[in-house]
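Descriptive structure summary
Read off the chains here:
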Amino acid sequence: MSEHTSDPCTLHERRTERLCEWTVDRLKRHDESFEGAQVVVERLGAHVDGDVAEFGFWTPELVDEGVGPDDVSLELFTPVEDVDPGADKATTTFRHERVPTRRQGEYTWAAVEGAQPGTRETLGTLYRLTYETDEGWETIQDPLAYSLPFGAYAPAELYDVDALNASRPDRGYFESLGADEEPVGTSEHDGLPRVDPATNLLELHPGTTSEAGSLGGLARRYEEIARKQREGEALTPMERNFAGYDGVQVMPIAPIVESDHQPNHFEIDGPITDPEPTDVEITTRSPDMVNWGYDIVVSGFSAINPAVLETGRPDELVDFIATLHEMPTPMRVVFDIALGHADNGALPLLNDYYFEGPGMYGQELDYRQPTVRAILLELQRRKMNWGADGIRVDGAQDFTYWDSETEQEYHDDAYLTEMDEVTQEIAGTEYRPWMIFEDGRPWPEEDWELASTYRELIEDHPHSFQWGPVTFAHNTPAILTFWASKWWRVEELADLGDHWISGVANHDTMRRGAQVEVGKEWDATQENPYLAETLRGTIERAYDNPASNALMYCFLPGVPMDFAHGNARAPWYFTRDTDDSWNVKVVANGAYFVDWYVTDEAFADPEQFTRLGELGFESADALCAFGHTLAAIGEAVDFDLEEMAPLLDATNPPLGDGPLTPDDLEAYALAWMRDVAEFANLVHYEDEQDADRTAFDLRIREFRHDRPWLRETLDEGELFDYRHPTDGSVLYYGRRSAPDDSEELLFVANMEGRAATVTPTDLVDEAGDGWEVALATPALDEVAADEPLTLNDSEAVVFSRTR
C-alpha cells in the first residue's frame, strides 16, 4: 500500500518569487532570446526539490489574451487512495485544489508545498494550469511533462525523475561510459564520450512485438533470452529473431493524438464549483490505442506514450532499457525522435506560437520562434535522458522554414546541428549519443528517388549516420527486377556506405511493400514468382531473404538493420485508431495489404478479424474486393465520405444493414485498423518460425560481429559486381579482404530470377586454393568455390580464405 499525502497544497511564496527573479536574471544575461530561452526552459515542467515541487509554463497566449496574472491557477488533483494507472478503468477519489501562480513576462511559475511526487508505486499529483473566461474554465497542459499516465489530453503527473534515476538498475552502465572498461564502445568528441555505432540494429514496434503490446512485454522477452544465454540453454526459433544484435531501435514512444473514438481517459464526475480544496470522484482509463507511433502531438513529448506502458509508470521504460544494457552482450538503445511535424491534434494542446501552418503531416512547427526552438530541443534532451544510447531523427528533411522574402522553403540545418549538440547526463556521466539521421532530401520533390544522395548530413557531421538508399521508404524487394533496377543504389552502398544504415526491412519499407498493387490485371505490378508460390510467402521471403541478408551482413559496409516483423515473417502495416479525419483514406491506401497477407486460412481463424466479421465480412475475398472498390471510389471523389457512401452502396457491399453511411465507413476503417494491428502481433507467429531459417539468420549476424572491418567501404583492391548479361537471374558477387590481410571473403548470391550455374572463383578471377565455405543458405551443401555451383533465387554462399 502506497502512502498518500494529507497535507494541503500551498504556494511557497518565497521560492516562487525566486523563480521569477531567476527568470529575469537568466534572460538578461543573454543578448539572443534563443540563448536565454535555452536556459529557462530547462526549469519548465514539474520538478521535485525536497518537499517543494516547482512548476513552470511558457504562456505567451495569456499575455496576448490579456488574462491577468492573478486569474491563473495551478490546478492539482492528488489521489487520496491507491490508483492503478495501468488499470483499464478505475473510479477514485482525488483532492482537488487550485494554487495561485506568479507570472514573469511570458512565463508562469509556482513553487508548491504538499504536492505528492509520483514513483514506481504511487501515482503523483496531477496538474495543469487553469483560468476562468466568460465561456467557462480554460486549461493549459504541460508540454514538458515527464509523465502522462492518462494521455496527452489529461493533466500531467508530478513525477520524481531524480529518484527514479538514483535507483535505476543500469547506473553502472552509464558510470562506465568513457572509462577503460566500458559496456559499449565510445569515442571522445569535444571532451565527452560519444557512443560508438552498433554493429547491427533490430527495429521494434512496442505495440505489436510482444503479446502485451508494451515495453514491459518486450523486457520480459529479452530477460528470458538473457537467462538462456547465461545458462547455455538453446533459444527458440522466435527468440533467435531477437538475438545476435548489439542495438535496438525503438519506434516512437511519445504521447500521440487521440480521437473521438477513444473514451475519456480522465473523467471528472460533474463540474467542480467549490473554490476550496474538495474531494472529487474521477474515472481514469489507461489509454489503449493502436498507432505506429508517428502521430505525435509534441506536447508531452518528453513523457512516454501510456499506450505502451502496461503499468502506466515511466519506470517501465527504464526497466526495459536496463534489461538491454545488462544483457550478456550489452545492447545499445536507439530512440526514434519524430519532431519534424505535429499532428493536427496538437492544436488544442499548444499555443499558436508553436506552429508555422498546415503541412503534409498535419502542422509544420515554427523552428525559428526562439522559445519554441529551445523547447523542442529540451523535449529531445528529456526524452533521451530516459537512458537512450542513440537517436534516430525521423524525417530530417522535414525540418524546414519558409522565407517570406524569397518565397522559398529552406532546410533548417542549423537546427539539426543543434539537435546533434544536445548531450545527455545519467548517473553523473555526461555523454553524446550515437547520431542517426533519416534524410531523403530533396524528397518530396518529384525527382527525389534519383536526386537523393543520403550524404548531406554525414558530410556536415562526419560522426553521424544516415539511413541509406536501400533502407529508405520506397523499396519493394517482392517485385520482380527489384535487385536489377536497384543495382546502382546497392553499388553506392559498397562504395560510400560506411556511415549508412543498411538493410531491406523496416517499418516503412514493409508498409510500402504491402501497398503495391498486384493481381491478374494486365497493368498490375509483377511480383517475383521465384520467391514463393503465394503472395504472402513472396512478401515474407522478400523482407527476410537469405541472399539479401547475407549481402548486407557478410559483404557490404554500414550498419545493417532488420525489423522484428520481417525477421518473424509476420504481417506489418501502418495502423492507427486515433484519427477522426483520415482513417478511411489510410485503410484505402492499404487495400492491397489484404492481397499480400490475408489468406483464407488467416481470415477464418476464429481469433482474427473478429470486428470485420461482425460487420458482415465472411471471407478474405470479400474483404479484398471491398477494399479495392473503396480505394478506387475514394480516389475518384477525394475521399469525401458523403459522396463515397452511396457509390459504394451501389456495389452491394457486405457492410451495413441498410443504405451505407459515412458512419459505416468510419466503423469499417476502425475495425480494419484494430483487426490488422491484432493480426500483426508477433505472438500469433511464435510456433510458425522455421528452425533452419532462424538459425541461419542468427549465424550471419554473428559472422558480422566477428568481422567488424566489414563496416568499412570497399577499397580499390576489392570487388563488387553483378553478372553481365543477366541471363534471367540477377547474380551479385564480390571479394573483400580484412585490413591486415588475415582473411579474404568471396561472396556470390542469386538475388532474384531463374536458377543460375556459375563457378565462384571464375567470377572474381581468383585461384581456387584455400577457399572454404563460411556460410551457405540452408538448402546448399557440399559446395566448392572452384566448381560449378547452381544457385536458385535467394540462395547465397560466402567462402573464406585465411592467410
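Scroll up a little and you will see the structure.
Analysis parameters
Residues numbered from 1 in each chain as written. Predicted model: local features only at pLDDT ≥ 70, side-chain atom pairs only at ≥ 80, totals over all residues. Heavy atoms only, no water. Pairing = 2+ DSSP bridges. Helix = DSSP H or I, 4+ residues; strand = E, 2+ residues; numbered from the N terminus. Axes fitted to C-alpha atoms, helices over the stretch in contact; angles between N-to-C directions. Contact = heavy atoms within 4.5 Å. Phe/Tyr/Trp six-rings, centres within 6.5 Å; stacked < 30°, edge-to-face > 60°. Buried < 20%, exposed > 50% of the residue type's maximum accessible area, 1.4 Å probe, protein only. 1 Å grid on protein atoms, 1.4 Å probe; cavity = no way out; pocket = protein on both sides within 12 Å on 5 of 7 lines; lining within 4 Å. Points joined across faces, edges and corners; volume = space filled by probe spheres on them. Nonpolar A, V, L, I, M, F, W, Y, C, P; charged D, E, K, R; others polar. Polar contact = N/O pair within 3.5 Å; in protein donor to acceptor, adjacent residues only side chain to side chain. Core = buried A, V, L, I, M, F, W, Y, C linked by side-chain atoms within 4.5 Å. Salt bridge = Lys/Arg side-chain N within 4 Å of Asp/Glu carboxyl O. Arc of directions from axis to C-beta.

This brings us to the sheet that holds strand E31 (residues 743-753). The strand order across the open sheet built from 5 strands is E29-E30-E31-E35-E33, with neighbouring strands paired in antiparallel fashion. Every interior strand has two partners, whereas the edge strands, strand E29 (719-722) and strand E33 (772-776), have only one. For this sheet, the mean inter-axis angle between neighbouring strands, taken without regard to orientation, is 15°. The sheet contact formed by strand E30 (residues 729-737) and E31 spans 9 bridges and is antiparallel. Each bridged residue has a counterpart across the sheet, and for Val730 the counterpart in E31 is Glu752. Contacting E29 and E30, helix H15 (residues 487-496) crosses the sheet at an angle of about 175° to E29. Together, E29, E30, E31, E33 and strand E35 (796-802) form the strand contacts of helix H18 (residues 546-554), whose direction differs from that of E31 by roughly 150°.

This part is about the sheet that holds strand E20 (residues 390-393). In a beta sheet, neighbouring strands are held together by backbone hydrogen bonds and run either parallel or antiparallel to one another. Strand order in the closed barrel made by the 8 strands is E13-E14-E17-E20-E25-E26-E27-E28, with parallel pairing throughout. The sheet shows a mean angle of 30° between the axes of neighbouring strands, direction not considered. Bridging between strand E14 (residues 247-250) and strand E17 (residues 332-337) involves 4 bridges; their strand directions are parallel. Within E17, the position partnered with Val250 by the bridge is Phe335.

Moving on: the packing of aromatic side chains. Applying the stated criterion across every chain yields a total of 41 aromatic pairs. Ring centres 5.0 Å apart and planes at 70° place the aromatic pair Trp487 and Tyr732 in the edge-to-face group. Placement of Trp487 in helix H15 and of Tyr732 in strand E30 is noted, with a sequence separation of 245 residues between them. A relative accessible area of 9% places Trp487 in the buried class. Consider the rings of Phe563 and Trp572, whose centres lie 5.1 Å apart with planes at 85°: the pair is edge-to-face. We note that Phe563, like Trp572, is buried.

Further remarks concern the side chain of Glu743. Secondary-structure assignment places Glu743 in strand E31. A relative accessible area of 10% means that Glu743 is categorised as buried. Ignoring any residue separated from it by four or fewer positions in sequence, one finds Glu743 in contact with Arg707, Trp709, Arg736, Ser737, Ala738, Ser800, Arg801 and Thr802.

What the largest pocket holds in volume is close to 1000 Å³. Every residue lining the largest pocket is counted, 39 residues in all, and those nearest its centre are Asp295, Met360, Tyr361, Phe574 and Arg576. Elements supplying a minimum of two residues to the lining of the largest pocket: helix H16 (507-515) and helix H20 (583-589). Ranked by residue count, the leading element in the lining of the largest pocket is H16, at 5 residues. Each residue belonging to the lining of the largest pocket can be placed in one class, and the counts come to 12 nonpolar, 14 polar and 13 charged. As a volume, the second largest pocket reaches approximately 690 Å³.

This paragraph deals with the environment of Leu457. Relative to the assigned elements, Leu457 resides in helix H13 (residues 456-460). Note: C-alpha distance between Leu457 and Asp439 (18 residues apart in sequence) is 7.9 Å. With near-sequence residues (within four places) excluded, Leu457 lies in contact with Ala396, Asp413, Leu416, Phe437, Asp439, Arg441, Ser464 and Gln466.

Let us look at the side chain of Thr108. Its location among the elements puts Thr108 in strand E7 (residues 107-113). Overall, Thr108 belongs to the buried group, its relative accessible area being 2%. Reaching out from Thr108, the side chain makes a polar contact with the side chain of Thr59 at a distance of 2.8 Å.

For the rest of this paragraph, the subject is the nonpolar core. Of all hydrophobic cores here, the largest spans 186 residues; its most connected members are Tyr222, Phe320, Leu665 and Trp672. Tallying contributions element by element places helix H26 (residues 662-679) first for this core, with 8 residues. What Tyr222 contacts, discounting residues up to four positions off in sequence, is Leu202, Leu204, Phe242, Val248, Phe320, Thr323, Leu324, Met327 and Met331. Formed by 25 residues, the second largest nonpolar core is a distinct cluster that contains Val48, Val67, Ala145 and Ala303.

Another aspect to go through is empty space enclosed by the protein. With the rule as written, the count across this model stands at 7 cavities of 30 Å³ or more. If you add up the space inside the largest cavity, you get close to 130 Å³. Contributing to the lining of the largest cavity are 18 residues, with Tyr543, Asn549, Tyr553, Asp562 and Asn567 lying nearest its centre. Looking at the lining of the largest cavity, its residues break down into 9 nonpolar, 5 polar and 4 charged.

Enumeration over the complete set of coordinates arrives at 51 salt bridges. With a closest N to O distance of 2.9 Å, Asp439 and Arg441 form a salt bridge. Taking the relative accessible area as the measure of exposure, Arg441 reaches 7% and is therefore buried. Where Arg489 meets Glu492, a salt bridge forms, and the shortest distance between an N and an O atom there is 2.8 Å. Separated by 3 residues within a single helix, Arg489 and Glu492 lie in helix H15, roughly one turn from each other. The network of salt bridges with common partners includes Arg735, Glu744, Glu766, Arg801 and Arg803.

Most of strand E5 (residues 90-100) sits inside the fold, with 8 of its 11 residues counted as buried. Summarising the sheet, strand E4 (residues 72-79) and E5 pair through 7 bridges and their orientation is antiparallel. Across the sheet, Leu76 pairs through a bridge with Glu97, a residue of E5. Sheet topology note: the E5/strand E16 (residues 278-284) ladder contains 7 bridges and is antiparallel. Note on E16: the bridge partner recorded for His96 is Thr278.

To continue, consider unusual backbone geometry. A cis amide bond, omega 15°, links Arg441 with the succeeding residue Pro442. Residue Pro444 follows Trp443 across a cis peptide bond; omega there is 10°. Within the secondary structure, Pro444 sits in the loop between strand E25 (434-437) and helix H12 (448-451). The backbone of Tyr454 shows a phi angle near 60°, a positive value even though the residue is not glycine. Within the secondary structure layout, Tyr454 lies in the loop between H12 and H13.

Time to look at helix H2 (residues 33-41). Among all positions in H2, only Phe34, Gly36, Ala37, Val40 and Val41 are buried. End-on, the buried residues of H2 take up no more than an arc of 160°, which puts them together on one face. Each element contacted by the buried residues of H2 is listed here: helix H1 (13-28), E7, helix H10 (370-384) and helix H11 (413-421).

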